[in-house]
There are 2 protein chains.
Amino acid sequence: MRALVWDGTAARVIDRDPPSITAGMAVVEVRCAGICNTDLEITKGYMGFRGTLGHEFVGEVVDGPAAWRGRRVVGEINFACGRCSTCARGLGRHGRPPTVLGIAGADGALAERVAVPVANLHAVDDRVDDEEAVFTEPLAAAFAILEQVRVAPGTSALVFGDGKLGLLIAQVLHQAGARVLAVGKHEEKLALLRAQGIATELFRPVAPVDTGAVPPQGAWAGEPAELVVEATGTAEGFTRAVRATRPRGTLVLKSTVAGLSSVHLADLVVHEITVVGSRCGLFDPALRALEGRTVDVRSLVSARLPLERAEEALRAAAAPGALKVLVTR
Amino acid sequence: MRALVWDGTAARVIDRDPPSITAGMAVVEVRCAGICNTDLEITKGYMGFRGTLGHEFVGEVVDGPAAWRGRRVVGEINFACGRCSTCARGLGRHGRPPTVLGIAGADGALAERVAVPVANLHAVDDRVDDEEAVFTEPLAAAFAILEQVRVAPGTSALVFGDGKLGLLIAQVLHQAGARVLAVGKHEEKLALLRAQGIATELFRPVAPVDTGAVPPQGAWAGEPAELVVEATGTAEGFTRAVRATRPRGTLVLKSTVAGLSSVHLADLVVHEITVVGSRCGLFDPALRALEGRTVDVRSLVSARLPLERAEEALRAAAAPGALKVLVTR
C-alpha cells in the first residue's frame, strides 16, 4: 500500500506492507486523513518518531471483530496497555512509554490502511460526513478543556491563537456559554469565528526590539480574563497569556513548545494563577458536536489532496495562513 | 516607638513615629511578631519595599472602633481598596497596585505598633496563645491550598521542602485526609512531622555536575503523586516537582522564586498537569485549626528575641536550619 513515511530525513509517499490483523486490533481503510501541526513538528524531530505519519482519520473497518467490520469509524490516538495503574484510572492515554498513532511507536493514518486498537474505535453517525469526521480528534482536544476546567455560563474567556486548534477551542468555549474573545493574527481566520457570533481582535503589532529573543507575535492589552487559552504554538505566548489571566484565574496551555522556556514562576504564585496543561480529549463530546453541527469545522478545510500527493499536502499545511489540509483516497 | 526598618541598604531598629488612627483603620500594639522568608527576600531587594518590616503578628487594638478596642487580634496582610472588580469578587487580597502589610506600601508589624484595616482584623480566641496566634498568617497560606484544590481523603500528596511553610502544609494536607509524604533535607525538621504520623523522606544527594546551573537541592525518585506541593523556595524545585506529578495531577507552587526560571512547558501539556500558584489564604480555617490544636505550630519556634534585638532575629531567621524566629515585646 502507499503511505506517507517519515524516515528521519524526509517525508515521502512510498510502498509499505499493509498492516496485518493482531489480537485487539482492527485494520481500517482510510477514507480521509488530516494533517496536524504535530505532523509538521515530527518532521522537525519532535518525539524522534520514524514511520507512517498521521493521527486524524476516518475510515472503514476492513479487518477485526465481526461487530466492527464494515463500519465507518474514527479512532482515539493513544494506545492504552490496559494493565498499568494509569489505565486503571481511565487515563490510558497517559501510559508510559506512550504509544501514540503516527506519533510514538505506531504507524499512522496517512496511508491506505492503518491498524488501531478496537478499544479506540468510535462509530461515526451518518449525519457526519468524512470531511467533518476527520476533525473528531482535534475537536476532542478542544473539548478536553471542558473535562479539565469548570466553564460556567458567562465565564470570560480569552483564546490566543487563530490556528486550527484555536478556532475549534473558541467555538467550544462559546458553545459552553463562555463570553469568548478570540485574539489572533489573521483577519480572514477570525472572520470565521465572527460568523459564529464570537468576538475577535487582532494582535497589536509590537515594535521589534533587538533583544536576541524570539520576536513577539503581537501584543494584547485588554482586560484580564477568568480563563485564558494559549494556543499560538509559540514560546513567547506563555508570558503574554499569564499577564492576561486575572488573579485566581486559569490559563490553559495547549501549545507543545519544544525546549526550555523562560518563565517568571513568581507571577503564578503572586497572582495565584492556575496553569492547566491540556492535550487530548475524549471523542464522545466531539462526535456529539459534529452530529449536532454546533461547531463549524467545514470552513476550516483549506485544501484537499489525494494520498499520492501527501508530500505536497504536508508542504501546504506548513504554508503561512493554512488551515486544515485533508488527504483523501 | 521602636521599629525594624528596611531602608534599602540595611534593616535597623530605629525610632519612628507611631501610626496615627485614620478612617477604616485600627492601631494595634504588637505582642508578638514572626519573621518570614519574605522579610529576608525584601532585604535582598524583593518588591522594592522600604519601611517597617513584618506581616505576621498578634496584638491588642489600642485605637480604632470601640467594638475592637482592647481585643487581641491577628490581621490579614492584603489591604483591599473595596472599590475595584477584584474586591467585588471577594479577592481584595489581589488588588493592583497591591498594598501589603510590611511588603508593599504599608509599614509592617516588627514595631511597637502597627496600623491595619479594621476589615482585616480577626479576634483571637483565648484558647490560642500569642506564640500560636502569630502563626495564623503562614498557616492560612497553607490552608489556601484547600481553597484552591480539591483534596479528597486518600489523595496521594507529596510535599517538597521542610521549611516553615512546608511543615505547615504537610500537616494541613494530612489533617484534610491526604496520604502525605513530606520530602526535605533536614532530618530534625522531618522528625516534627513524623511525630504527627506523617511519612517523611530525605532528598537523595545528587552528585554535583558542573553545568553552571543552580546546584540541585536533591533528588526524589519515588512514585508520582496526584498532588505535589513545591515549597522548597528554590528555582530548580519546579522541574523536580513537575516530574513528581502524575498525569492529570496537580502541582501547587508555593515558592516565590524571583527572576526567570527555565521550564519545559511541553511537559505540562503532554502529561496534562495543572499548576496552581498559591500565596495567601483566608484566616478563618487557620484560626479554627489553632483553636482545635489540629496543627502543631509550637514545635516550629526556633528562637524568641525582643524587638530591640530584631536585627539579630533577622539574622537568626536566615541561618541554615532555622525555623520560626519570633520577636516579642
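Residues numbered from 1 in each chain as written. Chains lettered and ligands numbered in written order. Predicted model: local features only at pLDDT ≥ 70, side-chain atom pairs only at ≥ 80, totals over all residues. Heavy atoms only, no water.

Caption draft 1: Looking closely at the domain arrangement of chain A. Residue and element names in this part refer to chain A. Each assigned domain of chain A is listed with its residue range as follows: domain 1 (2–135 + 297–328) and domain 2 (139–277). With centres defined by C-alpha atoms, the gap from domain 1 to domain 2 works out at 27 Å. Tallying the contact residues gives 12 residues for domain 1 and 12 residues for domain 2. Of the roughly 1,000 Å² buried between domain 1 and domain 2, counting both surfaces, carbon and sulfur atoms make up 61%. Looking only at domain 1, the three residues that lose the most surface to domain 2 are F135, L300 and L323, adding up to 43% of its buried area. Across the contact surface, domain 1 and domain 2 share zero salt bridges. Counting the contacts that link domain 1 with domain 2 gives two residue pairs in polar contact (both at pLDDT 80 or more). Residue composition of the side of domain 1 that touches domain 2, grouped by class: seven nonpolar, three polar and two charged. (Domains from an automatic or database assignment. Contact = heavy atoms within 4.5 Å. Buried area = accessible area lost by both parts, 1.4 Å probe. Salt bridge = Lys/Arg side-chain N within 4 Å of Asp/Glu carboxyl O. Polar contact = N/O pair within 3.5 Å; in protein donor to acceptor, adjacent residues only side chain to side chain. Nonpolar A, V, L, I, M, F, W, Y, C, P; charged D, E, K, R; others polar.)

Caption draft 2: Broad picture of the interface of chain A and chain B. Listed by partner, the interface residues are 39 residues for chain A and 39 residues for chain B. For the pair chain A and chain B, the two sides together bury roughly 3,700 Å², of which 56% comes from carbon and sulfur. Of all residues in chain A, R248, L265 and V269 of chain A bury the most surface against chain B, accounting for 18% of the area lost on that side. The tally of links between chain A and chain B comes to two salt bridges. R248 of chain B serves as the salt-bridge partner of E147 of chain A, at 3.0 Å between the closest nitrogen and oxygen. Elements with a minimum of two residues in the side of chain A that touches chain B: helix 4 (136–148), strand 15 (245–253), strand 16 (261–263), helix 8 (265–270) and strand 17 (274–277) of chain A. Of the residues assigned to the side of chain A that touches chain B, the class counts are 18 nonpolar, 12 polar and nine charged. Alignment of strand 16 of chain A against strand 16 (residues 261–263) of chain B, held across three bridges, turns out to be antiparallel. Paired with V263 of chain A across the bridge in strand 16 of chain B is S261 of chain B. (Helix = DSSP H or I, 4+ residues; strand = E, 2+ residues; numbered from the N terminus. Pairing = 2+ DSSP bridges.)

Caption draft 3: Seen up close, the sheet that holds strand 1 (residues 2–6) of chain B. Residue and element names in this part refer to chain B. Strands sit in the order 2-1-4 across an open sheet of three strands; the sheet is antiparallel. Of all the strands in the sheet, the pair left with one neighbour each is strand 2 (11–15) and strand 4 (51–52). In terms of strand pairing, strand 1 meets strand 2 through five bridges, oriented antiparallel. Looking at strand 2, one finds that W6 is bridged to A11.

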